[in-house]
Amino acid sequence: MFTLEATSGQARAGTIKTAHGEIKTPIFMPVGTRASVKGLWQEDLDELGAQIILGNTYHLFLRPGHELIERMGGLHKFMTWNKPILTDSGGYQVFSLADLNKLTEEGVTFQSHIDGTKHLLTPEKSMEIQRALGSDIVMAFDECPKLPSTREVLQRSLQLTYRWAKRCKTVELKPHQHLFGIVQGGLELDLRRESLQGLKELDFPGYALGGLSVGEKNEEMVELCKAFVPEMPADKPRYLMGVGKPIDVLNGIKAGLDMFDCVLPTRNARNGQFLTHAGPLNIKKARFVEDPLPPDPQCDCRVCRRYSRSYIRHLFNVGEYLAGQLITFHNLYFYMQMVKNARTAIIAGNFDDYYQTFYNHYTSNQWE
Ligand SMILES: [Zn+2]
């Protein structure tokens, strides 16, 4: 399903083929938690050049329910999105959102954060839900320990993740679906290797790095990726889960990762933060009250071409919905352009120059 097209250092450009279309990598995947990328129309996602979006198993299982979505023709048809979709396993949300979760060999018992109802999520159940949703890329059910954790905890966890991955493999998915394995092991290189070795024996069409950006220092994540990613199979897509800020994504690309997702561009938008070429810009700041400039003068998105900082600041201040929508659109455009330009640079063989230029501008933090 993956063709490697070019490399520049460790950075890779490739194509992932799915039944709902091709994905040109490296790629950022907007997060459509509850079958919607918050604040945007599907037409907006088309215009942004989104090639694949994410859906969350945990949320869709609770509301409206995977069975309802299957009766409505699957997630693609339900939300009228005909391009690829990736669904997570539900594990991460169960550990982070739900109450009173009890972890056993069988799975995780949790109480819904909405109405307190009790549920058991197992590897088999996660596969059943994702099969009903009909996503193109299905994620294995894993345990994701917070960092820092002891070696003992990390090792026990990656071994459980391996046994769960094996159980996921026994469940038959729909013919168009591809199941990715998730490598755990925290910041310990040898544990990451142990985790990957087990998963490679199960032979997945793609591998994800899980358990990062969960409390460790940023440099520690960068170092781990730099050392470990080149050891991941070169002929399969490599996905860094839930990461991160613009520079984190670029560091991931530099290390040889292909796929990224994060709620940061959409969540921060709703808090008034534009991500710009000169660093984050908080539209709430008084200095923008009468600022006629576009949010990011270097951006050619439809928000930056039309609206001023002064106007968007006003909308945000009085609580108009449009403010969050405009910032969300720009922020996702910013990410999509960033990975698209990274791909162009990789193909041209000058990714390091692109990285350095982007890095220097972004970290100048002009709007601080
Ligand atoms: Zn813009």
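Re the coordination of the zinc ion
- Protein-derived ligands of the zinc ion are Cys299 (SG), Cys301 (SG), Cys304 (SG) and His330 (ND1), with the metal-ligand distances lying across 2.1 to 2.3 Å.
- Angles of 100 to 119 degrees at the metal separate the four donor atoms of the zinc ion, which places the site in the tetrahedral class.

Side note on the environment of Val318
- Turning to its location among the elements, Val318 is positioned in helix H13 (residues 309-318).
- By relative accessible area, Val318 is classed as exposed at 52%.

Section: the nonpolar core
- Counting residues in hydrophobic clusters, the biggest one holds 114 residues, and the most contacted among them are Leu86, Met139, Leu209, Tyr239, Ile253 and Met259.
- Element by element, the count of residues in this core is highest for helix H14 (residues 321-348), at 14 residues.
- Counting residues in hydrophobic clusters, the runner-up holds six residues, among them Cys144, Leu154, Leu158 and Leu191.

Examining the sheet that holds strand E14 (residues 259-261)
- With respect to topology, eight strands assemble into an open sheet ordered E4-E14-E13-E12-E11-E10-E6-E5, the strand pairing being parallel. The open sheet has two edge strands, strand E4 (27-29) and strand E5 (53-55), and neither has a second partner. On average, each strand axis in the sheet is inclined to that of its neighbour by 30 degrees, with strand direction left out of account.
- Of the pairings in the sheet, the one linking strand E12 (residues 207-209) to strand E13 (residues 238-240) comprises three bridges and is parallel in character.

Remarks on unusual backbone geometry
- The omega torsion across Arg63 and Pro64 is 5 degrees, close enough to zero to call that bond cis.
- In the segment running from Leu147 into Pro148, the intervening peptide bond is cis, with an omega of 0 degrees.
- Positive phi, normally seen in glycine, also occurs at Asp203, with a value near 60 degrees.
- Take Asp203: it is sitting in the loop between helix H8 (189-202) and E12.
- We classify Asp203 as partly exposed; its relative accessible area is 48%.
- Positive phi, close to 45 degrees, is recorded for Asn365, a residue that is not glycine.
- Inspection of the secondary structure assignment puts Asn365 in the segment after helix H15 (351-362).
- Take Asn365: its relative accessible area is 32%, and that puts it in the partly exposed class.

With respect to the packing of aromatic side chains
- One pass over the structure, following the stated rule, counts 13 aromatic pairs.
- Centre to centre, the rings of Phe28 and Tyr335 are 4.5 Å apart; their planes meet at 50 degrees, and the pair counts as tilted. Highlighted residues: Phe28 in strand E4 and Tyr335 in helix H14, separated in sequence by 307 residues.
- Residue Phe28 is classed as buried on the basis of its relative accessible area of 0%.
- Classification of Tyr335 as buried rests on a relative accessible area of 0%.
- Residues Phe204 and Tyr207 carry aromatic rings whose centres are separated by 6.1 Å and whose planes lie at 85 degrees to one another, so their mutual orientation is edge-to-face.
- An aromatic cluster of three or more residues is present, and its members are Phe28, Phe334, Tyr335, Phe351, Tyr354, Tyr355, Phe358, Tyr359 and Tyr362.
- Taking the ring centre of Trp367 as reference, the NZ or CZ of Arg309 above it sits at 4.4 Å.

Basis of the calculations
Residues numbered from 1 in each chain as written. Predicted model: local features only at pLDDT ≥ 70, side-chain atom pairs only at ≥ 80, totals over all residues. Heavy atoms only, no water. Donors = N, O, S within 2.8 Å, 3.2 Å for Na, K, Ca; no water. Tetrahedral: all angles 85-135°; square planar, octahedral: opposite > 155°, others 65-115°. Helix = DSSP H or I, 4+ residues; strand = E, 2+ residues; numbered from the N terminus. Buried < 20%, exposed > 50% of the residue type's maximum accessible area, 1.4 Å probe, protein only. Core = buried A, V, L, I, M, F, W, Y, C linked by side-chain atoms within 4.5 Å. Pairing = 2+ DSSP bridges. Axes fitted to C-alpha atoms, helices over the stretch in contact; angles between N-to-C directions. Phe/Tyr/Trp six-rings, centres within 6.5 Å; stacked < 30°, edge-to-face > 60°. Lys NZ or Arg CZ within 6 Å of the ring centre and 35° of its normal.

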